Amino acid sequence: MIDKKQKIIIANWKMNPISFIEADNLISTIKKGLKKKEDMRIIICPPSIFISKIKKNKSFELGIQNIFWEDKGAYTGEISSKIAKNFGVDYAIIGHSERRKYFKETDEIVNVKMKSVLKNGLSPILCIGETLKEKNQDLASDVIITQLEKAFTDINKSKVLNIIVAYEPIWAIGSGIVPSTDEIMSAVLLIRKIISKLYDRPTAEKVSILYGGSVNSQNALDFVDKTRADGLLIGSVSLNGSEFVRIVNLFG
Ligand code: PEP
C-alpha cells in the first residue's frame, strides 16, 4: 500500500533512450545524485526491453509504461502485469494520453488494465486529463470525472490505496505550456471529491495524486507545494539525469 505521506516522483522515459548504454549512464547519474530519502518514492519507467537489466534498488523502484490485461497467452507483442511483476516491476502506467491517442485506448481498456494490474499486485499509475479543445470548451472537469469514474469501475475499496492518479492535461505534455498552480489544485481537489463519492472521504484523502506536464526544476516545487499534489510525473526532463536529480532533491 502506498503511504500517503510519501512524495512520489515518476520518470516516464517513453521510447527513449535508443541504447542500453545511454540508459545505463542515465541510471548511474540518478543513483549517484539522489540523496536517500525515507519520505519519497522514486519510480523509473524505462522502455520495457531495458527492465531486466535495470534492477530496482534503494534509490528507485521500477514501473512499466504499458501492460496487457491478460496474464499470459497468444497475444503477440504484449507484456502482462504477471510477467512484469516477475521482473521486479511494481508499477504500471495506464491510460497515458499517448496510448489513448496513438493506440486508441478507451476508458474501458483502461479499466480492464487497472483490474489486471491490481490483481497481480502492481500499482497502477492512472493518467487522466483533458485536451486543449476540451479545456477551451470548459469540459476539463467533465473529462476528469468521466475518465476517473470509468477507470475505477468495479475496483474494490480495498485496492484503491494502491492506485496513483496522475493529472496530466494533454496540452501541457511536452509543450512547455503549464497550468497555473490554482488550476492544478482545482483538478487535484476534484479528483479527491470524485474518489470520495465513489468510496469515502478518508480513502480519497489518502490516495496519491500527482501532476504531470512540462515539469522542470524551475516549476517543480510550486507544482507540489502550491497545489496539494503528492508528487510529479515527469517525461522529457527525466531523460536529463542531472536535471531529474535536481528536481527530486528539491523535496524532502
Ligand atoms: C508525460 O508524458 O507524462 C509527461 C509528463 O511529459 P513531459 O514531462 O515531457 O511533459
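Residues numbered from 1 in each chain as written. Predicted model: local features only at pLDDT ≥ 70, side-chain atom pairs only at ≥ 80, totals over all residues. Heavy atoms only, no water.

Asker: Explain the environment of L122 to me, and be specific about the residues and the numbers.
Answerer: When you line up the elements, L122 lands in the loop between α4 (107-119) and β5 (123-128). When the C-alpha positions of L122 and K85 are compared, they lie 7.0 Å apart, and in sequence the two are 37 residues distant. With sequence-adjacent residues up to four places away left out, L122 is seen in contact with S81, A84, K85, V89, D90, Y91, A92 and V117. (Helix = DSSP H or I, 4+ residues; strand = E, 2+ residues; numbered from the N terminus. Contact = heavy atoms within 4.5 Å.)

Asker: A description of the sheet that holds β5 should follow, citing residues and the corresponding values.
Answerer: Taken in spatial order, the 8 strands line up as β1-β2-β3-β4-β5-β6-β7-β8 and close into a barrel, and their pairing is parallel. Pairs of neighbouring strands in the sheet enclose a mean axial angle of 25 degrees, with direction left out of account. Pairing between strand β6 (residues 164-167) and strand β7 (residues 208-212): 4 bridges, direction parallel. In the strand pairing of β7, V165 is matched with I209. (Pairing = 2+ DSSP bridges. Axes fitted to C-alpha atoms, helices over the stretch in contact; angles between N-to-C directions.)

Asker: Could you give an account of the pairing of β5, with specific residues and numbers?
Answerer: Within β5, 6 of the 6 residues are buried, which leaves it mostly tucked inside the rest of the structure. Residues of β5 alternate between two faces, with S123, I125 and C127 on one and P124, L126 and I128 on the opposite face, all of them buried. With 4 bridges connecting them, strand β4 (residues 89-94) and β5 associate as parallel partners. Within β5, the position partnered with Y91 by the bridge is S123. Examined bridge by bridge, β5 and β6 share 4 bridges and lie parallel to one another. Its bridge partner being in β6, I128 is matched across the sheet by Y167. (Buried < 20%, exposed > 50% of the residue type's maximum accessible area, 1.4 Å probe, protein only.)

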